[in-house]
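The residues making up each chain are set out below.
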Amino acid sequence: MGKIILRRLFSFLLIVAFIASIFVYPNWYKKQVNKLKGMYYVAQGDKALRKQDFQKAIDEYRYGLKLYPEHYGAWFNLGNIYVAYEDYYSAVDAYGQAIKYNPNYVLARMNYGIISVEKLGNFDEAIDQYNKIIGIRRKLVYIPFVFNNLRSYKTNIGLAYYNRGVAYRQKSTYLDQDWAYQQQYLQEAIKSYQEAVKILKKDYDARYNLALAYHLNKDYNLAGLTYCEAIQLAPMNYEAHYNLAVLLGHLRYYKEALSEMYKATTLISNNTGDTNRQRYVFDIMNDVTRKIMLDEDGMKFLMEEFNVGHDTKAEITYINGKLVASDDLDKAMLKNFQTCASKNIFINEEDF
């Protein structure tokens, strides 16, 4: 009997203590209630987002975040929706809130930087975000066949270096400043790209942009060699072929330039929806051709057969103006487009 009374007394005291704590710490309890309600509305926002009902998602997220502003995932999703609506200032504000409540939120910092550069021209803000990502030190966990965050961590660092290079290169190009500052920012871009390619070893964009930065910096040997590296990684992308052709033309290697320009025009001709760029590439190719025609050896070069079937029996077939793939053609094209015949020019030349 005494034990029952003691248990009831203890339960009563707990209830009294709980009620008293509500009066003593009302703000804490209110915050917990708001957090639960906020989580509910955020979940409704997630549901609307999955259905691509963006306006409903915005409304649910906003209401949920009023109640529970610390939900950094909701801020991140809200930022992505604003990007879809091209409301870029609201997007970076939302990403900034996500970072405020989770300073190690790499994706939010990455998106903040990309939008700042590509849409708002705020290079310094972007560079600051990328530097923060590079400075984040995570605890690496490796459990064989179960979990490994080393690869994703290194990839994020590589992407931060790459995007920082993009920001510095654009800053050097677009801002109205003297030549010394342009060179300084271009050198920073090169350093960033160099770090990126150490990590993103198979990434075409990192190699191509490093080559482009070398090209802009008039480091022609390094530019040519790095364009060739980009071509080996992604031979069916026309940009590296095209820029290599421009570089070779500038160095008066017209026949080699035409070879690369031919590849670029072949690739871009099969890429629909970019007629202005196609026309520009064809104009450059015609200009290179005219220069070759002024040379006797160049005329002989133009008279030779020039297609992907140099050393294969593959035949090129067109249907409705489009290149039709076959196994032999695929192999022949890949081998031809992957071969950077002008590479020796940059290896043998010490300086241009």
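Just so you know, these numbers come straight off a predicted model, no measurement behind them.

Regarding the overall build of the protein
- A tally of regular secondary structure across the protein gives 17 helices and four strands.
- Among the 352 residues that make up the protein, the fraction classed as buried is 40%.
- Summing over all exposed atoms, the protein offers an accessible surface of approximately 21,500 Å²; the carbon and sulfur share of this is 54%.

A look at the nonpolar core
- Counting residues in hydrophobic clusters, the biggest one holds 49 residues, and the most contacted among them are Y193, Y208, Y227, A240, L244, L247 and F346.
- Membership of the second largest hydrophobic core comes to 23 residues, among which are A74, W75, Y82 and Y112.

Observations regarding helix α11 (residues 220–233)
- A rise of 1.5 Å per residue sets the reference length of α11, with its 14 residues, at 20 Å; its end C-alpha atoms lie 20 Å apart and thus fit the reference within 8%.
- Listed as buried for α11 are Y220, N221, A223, G224, T226, Y227, C228, A230 and I231.

Observations concerning the pattern of salt bridges
- Under the counting rule described, the total for this entry stands at seven salt bridges.
- For E60, the salt bridge goes to K56, with nearest N and O atoms at 3.1 Å. A residue pair is termed a helical-turn pair when its members lie 3 or 4 positions apart in one helix, as E60 and K56 do in helix α3 (residues 54–67) at four residues.
- Here K132 makes a salt bridge to D128, at a shortest N to O gap of 3.3 Å. Separated by four residues within a single helix, K132 and D128 lie in helix α7 (residues 123–135), roughly one turn from each other.
- A residue is classified by how much of its surface remains accessible, and D128, at 32% relative accessible area, is partly exposed.

Examining the environment of Y181
- Topologically, Y181 is positioned in helix α9 (residues 179–199).
- A relative accessible area of 43% places Y181 in the partly exposed class.
- Y181 sits 10 residues away from K171 along the chain, and the two C-alpha atoms are 9.5 Å apart.

Looking at the environment of A257
- Residue placement: A257 occurs in helix α13 (residues 254–269).
- Sequence-wise, A257 and A245 are 12 residues apart; in three dimensions their C-alpha atoms are separated by 4.2 Å.

Details of unusual backbone geometry
- You will see that Q52, though not glycine, has its phi angle at about 60°, which is positive.
- Its location among the elements puts Q52 in the loop between α2 (26–50) and α3.
- For Q52, a relative accessible area of 61% puts it in the exposed group.
- The backbone of K218 sits at a positive phi, close to 65°, despite the residue not being glycine.
- Take K218: it is sitting in the loop between α10 (204–216) and α11.
- The class of K218 is exposed, set by a relative accessible area of 60%.

Quick notes on the confidence of the model for the protein
- Across the protein, the average pLDDT comes to 79, with 67% of residues at 70 or higher.
- Between residues 140–148, whose pLDDT stays under 50, and residues either more than four places distant or in other chains, the model counts eight contacts.
- The low-confidence segment residues 296–316, where pLDDT is below 50, has 34 contacts with residues more than four positions distant or belonging to other chains.

Topic: the packing of α10 against helix α12 (residues 238–250)
- Put simply, α10 and α12 touch, their axes get as near as 11 Å, and they point 15° apart. By the criterion of interaxial angle, the relationship of α10 to α12 is roughly parallel. The crossing of α10 and α12 is left-handed. Across from Y204, Y208, L212 and H215 in α10, the residues of α12 making contact are E239, A240, N243 and L247.

Some points on the environment of K47
- For K47, the position within the fold is in helix α2.
- Sequence separation of K47 and E60 is 13 residues, and the distance between their C-alpha atoms is 9.7 Å.

Overview of the side chain of T265
- The residue T265 is located in helix α13 in this model.
- Residue T265 is classed as buried on the basis of its relative accessible area of 5%.
- Of the polar contacts made by the side chain of T265, one reaches the backbone oxygen of Y262; its length is 2.8 Å.

Structural notes on the packing of aromatic side chains
- The full count for this structure, using the stated rule, is 11 aromatic pairs.
- Plain terms: the ring middles of Y41 and Y63 are 4.6 Å apart, the flat faces sit at 75° to each other, and that makes the pair edge-to-face. With a gap of 22 residues between them, Y41 in helix α2 and Y63 in helix α3 connect regions that are remote in the sequence.
- A relative accessible area of 25% places Y41 in the partly exposed class.
- Considering the side-chain rings of Y181 and Y185, the 6.2 Å spacing of their centres and the 25° angle between planes classify their relative orientation as stacked. Placement of the pair is Y181 and Y185 together in helix α9, with a separation of four residues, close to one helical turn.
- One aromatic cluster in this structure is built from Y72, F76, Y95 and Y105.

The rules behind these values
- Residues numbered from 1 in each chain as written.
- Predicted model: local features only at pLDDT ≥ 70, side-chain atom pairs only at ≥ 80, totals over all residues.
- Heavy atoms only, no water.
- Helix = DSSP H or I, 4+ residues; strand = E, 2+ residues; numbered from the N terminus.
- Buried < 20%, exposed > 50% of the residue type's maximum accessible area, 1.4 Å probe, protein only.
- Areas by Shrake-Rupley, 256 points an atom, 1.4 Å probe, with all protein chains shown as cover.
- Core = buried A, V, L, I, M, F, W, Y, C linked by side-chain atoms within 4.5 Å.
- Expected span 1.5 Å × (residues − 1).
- Salt bridge = Lys/Arg side-chain N within 4 Å of Asp/Glu carboxyl O.
- pLDDT = per-residue confidence, 0-100.
- Contact = heavy atoms within 4.5 Å.
- Axes fitted to C-alpha atoms, helices over the stretch in contact; angles between N-to-C directions.
- Parallel < 35°, antiparallel > 145°, perpendicular 65-115°, else oblique.
- Left-handed = near helix turned anticlockwise from the far one by under 90°.
- Polar contact = N/O pair within 3.5 Å; in protein donor to acceptor, adjacent residues only side chain to side chain.
- Phe/Tyr/Trp six-rings, centres within 6.5 Å; stacked < 30°, edge-to-face > 60°.

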